[in-house]
Amino acid sequence: QVQLVESGGGLVQAGGSLRLSCAASRLTFSGYVMGWFRQAPGKEREFVAAISGSGGSTYYADSVKGRFTISRDNAKNTVYLQVNSLKPEDTAVYYCAADSRYWTVARKPDEYDYWGQGTQVTVSS
């Protein structure tokens with residue numbers, strides 16, 4: 001079955017950076033919109049960023065615009081999230097997700113078909 005495996009999370013001080021990766025397998029990667037979501041304790045899962053199948057279009061939540069960058073390498077079946085200028089409120093489990101509806105970019109979790117297991121990002125003040 002489809003697998004999405006995130007990596008790159010960790011503990012970082014406020015103002016620091018991380019690069020999250022999500023490796024996909026058993027799907028036609030370029031045919032999927034890829035998204036990043038995050039979920040903090042006691043909160044709902046929220047949209048962070050998404051990228052079209054070709055990588056030509058990207059979308060961000062207002063809270064991360066200018067600090068986070070989503071990209072993908074279709075040759076490696078991998079999507080990335082570069083997270084810069086981290087704040088304590090960015091602390092959450094970060095999930096990648098795949099959506100087969102390549103003609104649109106979804107921002108709601110229930111619109112995505114496949115999910116990874118998540119990677120923890122903790123930002124200390």
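Our subject is the structure that appears above.
Please read these numbers as outputs of a predicted model, since none were measured by experiment.

Trainee: Teacher, can you tell me more about the overall build of the protein here?
Mentor: Each helix and strand counted, the protein has zero helices and eleven strands in total. Seen in sequence order, the protein has helices and strands lined up from the N terminus as β-β-β-β-β-β-β-β-β-β-β. Computed over C-alpha atoms, the radius of gyration of the protein comes to 13 Å, within 12% of the 14 Å expected from 2.2 N^0.38 for 125 residues, which places it in the range of a compact globule. Reported as C-alpha extents along the three principal axes, the dimensions of the protein are approximately 40 × 25 × 25 Å. Split into buried and exposed, the 125 residues of the protein put 44% on the buried side. Counting contacts in the protein only where the partners sit at least 6 residues apart, residues at least 24 apart contribute 59% of the total. Carbon and sulfur atoms make up 46% of the accessible area of the protein, which totals about 6300 Å². Across the protein, the 13 positively charged side chains and the 11 negatively charged ones have centroids separated by 4 Å.

Trainee: Help me understand the sheet that holds strand β7 (residues 68-73), please; the structure alone is not making it clear to me.
Mentor: To summarise the sheet geometry, strands pair through backbone hydrogen bonds and adopt either a parallel or an antiparallel arrangement. Taken together, the four strands give an open sheet; going across it, the order is β1-β3-β8-β7, and neighbouring strands pair in antiparallel fashion. In this open sheet, the two strands that pair with only one neighbour each are β1 (3-7) and β7. The mean angle between the axes of side-by-side strands here comes to 15°, regardless of whether they run parallel or antiparallel. Judged from the five bridges that link them, β1 and strand β3 (residues 18-25) form a sheet pairing that is antiparallel. Bridging from a neighbouring strand, Val5 pairs with Ala23 of β3.

Trainee: Looking at this structure, how should I read the packing of aromatic side chains?
Mentor: Aromatic ring pairs are reported here in terms of the distance separating the ring centres and the angle at which the planes meet. By the definition in use, this model includes seven aromatic pairs. Ring geometry for Tyr32 against Tyr114: centres 6.2 Å apart, planes inclined by 50°, an arrangement best described as tilted. With a gap of 82 residues between them, Tyr32 in the loop between β3 and β4 (33-39) and Tyr114 in strand β10 (residues 114-115) connect regions that are remote in the sequence. On the basis of relative accessible area, Tyr32 is assigned to the buried category, the value being 14%. Both rings, one in Tyr95 and one in Trp115, keep their centres 6.4 Å apart while their planes meet at 80°; by these two values the pair is edge-to-face.

Trainee: Honestly, the side chain of Asp90 in this entry has me stumped. Any pointers?
Mentor: As for its placement among the helices and strands, Asp90 is situated in the loop between β8 (78-83) and β9 (92-99). Owing to a relative accessible area of 0%, Asp90 belongs among the buried residues under this scheme. Polar side-chain contacts of Asp90 include one of 2.9 Å to the side chain of Arg38. In contact with Asp90, other than residues within four places in its own chain, are Arg38, Arg67, Phe68, Ser85, Val121 and Val123.

Trainee: Help me understand the environment of Thr91, please; the structure alone is not making it clear to me.
Mentor: Examined against the element boundaries, Thr91 turns out to sit in the loop between β8 and β9. On the accessibility criterion, Thr91 (22% relative accessible area) is partly exposed. Along the primary structure Thr91 and Pro109 are separated by 18 residues, whereas in three dimensions their C-alpha atoms are 19 Å apart. Apart from residues no more than four positions distant in its own chain, Thr91 is found in contact with Ala40, Gln120, Val121, Thr122 and Val123. Here Pro88 takes part through its backbone oxygen, which lies 2.9 Å from a polar atom of the side chain of Thr91.

Each value, and the rule that gives it
- Residues numbered from 1 in each chain as written.
- Predicted model: local features only at pLDDT ≥ 70, side-chain atom pairs only at ≥ 80, totals over all residues.
- Heavy atoms only, no water.
- Helix = DSSP H or I, 4+ residues; strand = E, 2+ residues; numbered from the N terminus.
- Rg over C-alpha atoms; globule rule 2.2 N^0.38 Å.
- Buried < 20%, exposed > 50% of the residue type's maximum accessible area, 1.4 Å probe, protein only.
- Contact = heavy atoms within 4.5 Å.
- Areas by Shrake-Rupley, 256 points an atom, 1.4 Å probe, with all protein chains shown as cover.
- Lys, Arg positive; Asp, Glu negative; His and termini not counted.
- Charge placed at Lys NZ, Arg CZ, Asp CG, Glu CD.
- Pairing = 2+ DSSP bridges.
- Axes fitted to C-alpha atoms, helices over the stretch in contact; angles between N-to-C directions.
- Phe/Tyr/Trp six-rings, centres within 6.5 Å; stacked < 30°, edge-to-face > 60°.
- Polar contact = N/O pair within 3.5 Å; in protein donor to acceptor, adjacent residues only side chain to side chain.

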